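Spelled out from the first residue to the last, the chains are:
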Amino acid sequence: MQDELISKTKKKLEMHALQELGAALVALSAAHLERMVLPEALAQAVRDARGIRSHEARRRQVQLIGKVMRELDAGPIRAQLAAVDGGSAQERARHRRLEHWRARLLEDEGALTEFVSAHPGADLQNLRALLRNARKEQTQGRPPRAYRELFRVIREAGGE
């Protein structure tokens, strides 16, 4: 009885919305996709779609994902996607904090002492070497290898 009350247009709109949700899942990075809690059938369909290079085959796979999602409650999946989008804002803020630490460390010698005292697990000797090499790269106009490595070390030390 309930199905009879829903118009064909409304059903099609709902199917297209599920397909768009599936396309958003396919577009996620592998790391974000792994963190999401999805039913195994849906997760497998999304993984399969990520491996398809043909446009038409991928379109059909996204349709299949939409069909699989019709049998599920899409609310939790939408909530997880929204958290990923919101998390990206948090991730950008974290990235800015890490870049701020890197800039402070490169400009101010005293910032290294502050960083190491705030993050006792940080390797002081490695940080000093990376700072020295990053400064040298900047003055000589070389590729920023140590500069990037410094960012990675700060991130791993938890440089919030």
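The residue numbers shown here count from 1 along each chain, following its written sequence. At least 70 in pLDDT is required for a residue's local features to be given in this predicted model, at least 80 for side-chain atom pairs to be given and counted, and no such filter applies to totals for whole chains, interfaces and linings, which use all residues. To get the side-chain values, all heavy atoms of the structure are used, and hydrogens and water are removed first.

(A) Here's a closer look at the overall build of the chain. Put simply, DSSP H or I for four residues or longer makes a helix, DSSP E for two residues or longer makes a strand, and each gets a number counted from the N terminus. For the chain, the helix and strand inventory stands at nine helices and zero strands. For the chain, the N- to C-terminal ordering of α and β elements is α-α-α-α-α-α-α-α-α. Dimensions of the chain along its principal axes, counting C-alpha atoms only, are 75 × 35 × 25 Å. Contacts are assigned to residue pairs that have any heavy atoms within 4.5 Å of one another. A separation of at least 24 residues holds for 57% of the contacts in the chain among residues at least 6 apart in sequence. The protein chains shown are the only cover counted for residues, whose accessible areas, like all others here, come from Shrake-Rupley with a 1.4 Å probe. Accessible area of the chain: about 10600 Å², with a carbon and sulfur share of 52%. Separation between the mean location of the 29 positive side-chain charges and that of the 22 negative ones in the chain comes to 5 Å. For this count, His and the chain ends are skipped, Lys and Arg are scored as positive, and Asp and Glu as negative. By convention, the charge on Lys lies at NZ, on Arg at CZ, on Asp at CG and on Glu at CD.

(B) A look at the packing of helix α8 (residues 124-140) against helix α9 (residues 145-157). One can describe the packing of α8 onto α9 by two numbers: an axis separation of 7 Å at closest approach and a directional angle of 145°. Crossing angle aside, the handedness with which α8 passes α9 is left-handed. Judged by residue contacts, Asn126, Leu127, Leu130, Leu131, Asn133, Ala134, Glu137 and Gln138 of α8 engage Arg145, Ala146, Tyr147, Glu149, Leu150 and Val153 from α9. Partitioned by chemical class, the residues of the contact of α8 with α9 number eight nonpolar, three polar and three charged. Simply put, an axis is a line fit to the C-alpha atoms, just over the touching stretch for a helix, and the angle between two N-to-C directions goes from 0 to 180 degrees. Helix crossings fall into two classes, left-handed where the near helix is turned counterclockwise from the far one by less than a right angle and right-handed where it is turned clockwise. Gly is placed with the polar residues, together with every amino acid not listed as nonpolar (Ala, Val, Leu, Ile, Met, Phe, Trp, Tyr, Cys and Pro) or charged (Asp, Glu, Lys and Arg).

(C) Region of interest: the packing of helix α2 (residues 8-27) against helix α5 (residues 55-70). Look at α2 against α5: their axes get within 8 Å of each other, and the N-to-C directions meet at 115°. Overall, the two elements α2 and α5 adopt an arrangement that is roughly perpendicular. By crossing handedness, the relation of α2 to α5 is classed as right-handed. Seen from α2, the contacting residues are Met15, Leu18, Gln19, Leu21, Gly22, Ala23, Leu25 and Val26; seen from α5, they are Arg58, Val62, Gln63, Ile65, Gly66, Met69 and Arg70. Of the residues assigned to the contact of α2 with α5, the class counts are nine nonpolar, four polar and two charged. What sets the label is the angle itself: under 35 degrees gives roughly parallel, over 145 gives roughly antiparallel, 65 to 115 gives roughly perpendicular, and the rest give oblique.

(D) Spotlight on helix α7 (residues 110-118). Every buried residue of α7 is listed here: Ala111, Leu112, Phe115 and Val116. One side of α7 holds all its buried residues, which, seen down the axis, span an arc of 130°. Facing away from the buried side of α7 by over 90 degrees, the exposed positions are Thr113 and Ser117. Exposure classes here rest on a 1.4 Å probe applied to the protein chains alone. A residue is buried below 20% of its type maximum, exposed above 50%, and partly exposed in between. It is the directions from the helix axis to the C-beta atoms whose arc is reported.

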